[in-house]
Each structure stands twice: as structure tokens, then as C-alpha cells.
Amino acid sequence: MKSIIPAVYFSLAVAVVAVIAARPSGPFVLVVTSPAGNAAGSMAVIDRAEGAFVWAGRVPWMSVAYSQAPDFPERLLDAGALLVINHDLALGCLQGMNT
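Residues numbered from 1 in each chain as written. Predicted model: local features only at pLDDT ≥ 70, side-chain atom pairs only at ≥ 80, totals over all residues. Heavy atoms only, no water.

## Focus on helix α2 (residues 39-48)
Test applied: Accessible area is worked out with a 1.4 Å probe on protein chains only. A residue is then buried under 20% of its type maximum, exposed over 50%, and partly exposed in between. Working definition: helices are DSSP H or I runs of at least four residues, strands are E runs of at least two. Numbering for both runs from the N terminus. Within this analysis, the arc is defined by the directions that extend from the helix axis to the C-beta atoms. Throughout, a contact is declared for two residues whenever any of their heavy atoms are within 4.5 Å. By the criterion applied in these results, polar contacts are pairs of N or O atoms within 3.5 Å in which, for protein atoms, one can donate a hydrogen and the other can accept it, and in which residues neighboring in sequence qualify only through two side-chain atoms.
Taken as a whole, α2 has its buried residues at Ser42, Val45 and Ile46. Along α2, the residues classed as buried sweep out an arc of 95° about the axis, all on the same side. The exposed residues of α2 that point more than 90 degrees off its buried face are Ala40, Asp47 and Arg48. Buried positions along α2 lie against β1 (28-32), β2 (52-56), β3 (62-66) and α3 (72-79). For α2, the N-terminal cap is Asn38; the gap from its side-chain oxygen to the backbone nitrogen of Ala40 is 3.3 Å. Glu50 lies just past α2 and shows a positive phi near 60°.

Written out as C-alpha cells, the structure reads:
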């Protein structure tokens, strides 16, 4: 029992750090839409949130969007995005422009 408690605390600490790191900050965000959708659907979500499409990777349901509006992540979620996170967490966003 005593060995489980530190593991639980460690797991909670890692989860809290991950949530804080994933919080969208800045004008660029990673937008995740339905995997069943296509690139046009992802771009439509960004357009409905009044943002600009910046870049997409190998999968059409993940893309980087841009807006200076402070409520842009919330607008993306309202427009149909499943997840909006800090774009720096996506390895492809950091390396994709160099390939």
C-alpha cells in the first residue's frame, strides 16, 4: 500500500504538468478535429473560428492555426474542434517546416 501512494502522487504531478504545458498560449495552436474528417473539414473549423490555417502534417485532422484573438482556442472548440493545444508540443510542428 505504501508503494502505491507515491506512484499515485507522481502520476498526478505528471498529469498536472502535462495539462499546464498543453494549455494553448500564443497565437499559434494545434487543432485536432475528427479523425473521420478530411482536410477541408479541419480548415472549415478554423474558418468558423475566424482563424487562419497555417500548416498541416501527414494526417488531415491535425493542423496548426493562427489568430491574435485571446479567445481563439475557445472559438475553435465551439466551431467543432475536438482538442486545441499548444502547438509547441507537436513534434511535427517544430520540425515540419524544416523538412
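## Things to note about the packing of aromatic side chains
The condition that has to hold: Ring pairs shown here join Phe, Tyr and Trp side chains whose ring centres sit within 6.5 Å, with only the six-membered ring taken for Trp; geometry is labelled stacked below 30 degrees between planes, edge-to-face above 60, and tilted in between.
The tally for this structure, following the rule as stated, stands at 1 aromatic pair. Residues Phe28 and Tyr66 carry aromatic rings whose centres are separated by 4.9 Å and whose planes lie at 50° to one another, so their mutual orientation is tilted. Of this pair, Phe28 sits in strand β1 while Tyr66 is found in strand β3, placing the two residues 38 residues apart along the sequence.

## Section: the pairing of β2
Here is the rule: DSSP bridges decide pairing: two strands pair if at least two such bridges lie between them.
Note: β2 against β3, 4 bridges, orientation antiparallel. Residue pairing across strands places Phe53 opposite Ala65, the latter belonging to β3. What sits between β2 and β3 in their antiparallel hairpin is a turn of 5 residues.

## Details of the sheet that holds β3
Neighbouring strands of a sheet are bound in pairs by backbone hydrogen bonds; such pairs are parallel or else antiparallel. So the rule is basically this: Lines are fitted to the C-alpha atoms to define the axes, a helix being fitted only along its stretch in contact, and any angle between axes, read from their N-to-C directions, falls within 0 to 180 degrees.
Reading across the sheet, the 4 strands line up as β2-β3-β1-β4 and stay open at both edges, with antiparallel pairing between neighbours. Either end of the sheet is taken by a strand with one partner, and the two such strands are β2 and β4 (83-86). Neighbour to neighbour, the strand axes of the sheet diverge by 35° on average, direction disregarded. Examined bridge by bridge, β1 and β4 share 4 bridges and lie antiparallel to one another. From the neighbouring strand, Val32 faces β4, where its bridge partner is Leu83.

## Describing α3
When α3 is considered as a whole, its buried residues turn out to be Phe72, Pro73, Leu76 and Ala79. Along α3, the residues classed as buried sweep out an arc of 125° about the axis, all on the same side. In this structure, the buried side of α3 is in contact with β1, α2, β3 and β4. Of the residues trailing α3, Gly80 is marked for its positive phi of about 125°.

## Examining the layout of surface pockets
Applied cut-off: Here a cavity denotes a set of grid points, spaced 1 Å apart and computed over the protein atoms alone, in which a 1.4 Å probe fits but from which it cannot get out, and a pocket denotes an open set meeting protein on both sides within 12 Å along at least five of seven lines; residues with an atom within 4 Å of a point are reported as lining. Grid points are joined across faces, edges and corners, and a volume is the space filled by probe spheres set on the points. Amino acids outside the nonpolar list (Ala, Val, Leu, Ile, Met, Phe, Trp, Tyr, Cys, Pro) and the charged list (Asp, Glu, Lys, Arg) are all regarded as polar, and Gly is one of them.
Of the volumes computed, that of the largest pocket is approximately 210 Å³. Contributing to the lining of the largest pocket are 15 residues, with Pro24, Pro70, Phe72, Pro73 and Glu74 lying nearest its centre. Considering only residue class, the lining of the largest pocket consists of 9 nonpolar, 4 polar and 2 charged.

The analysis is restricted to geometry; functional conclusions fall outside its scope.
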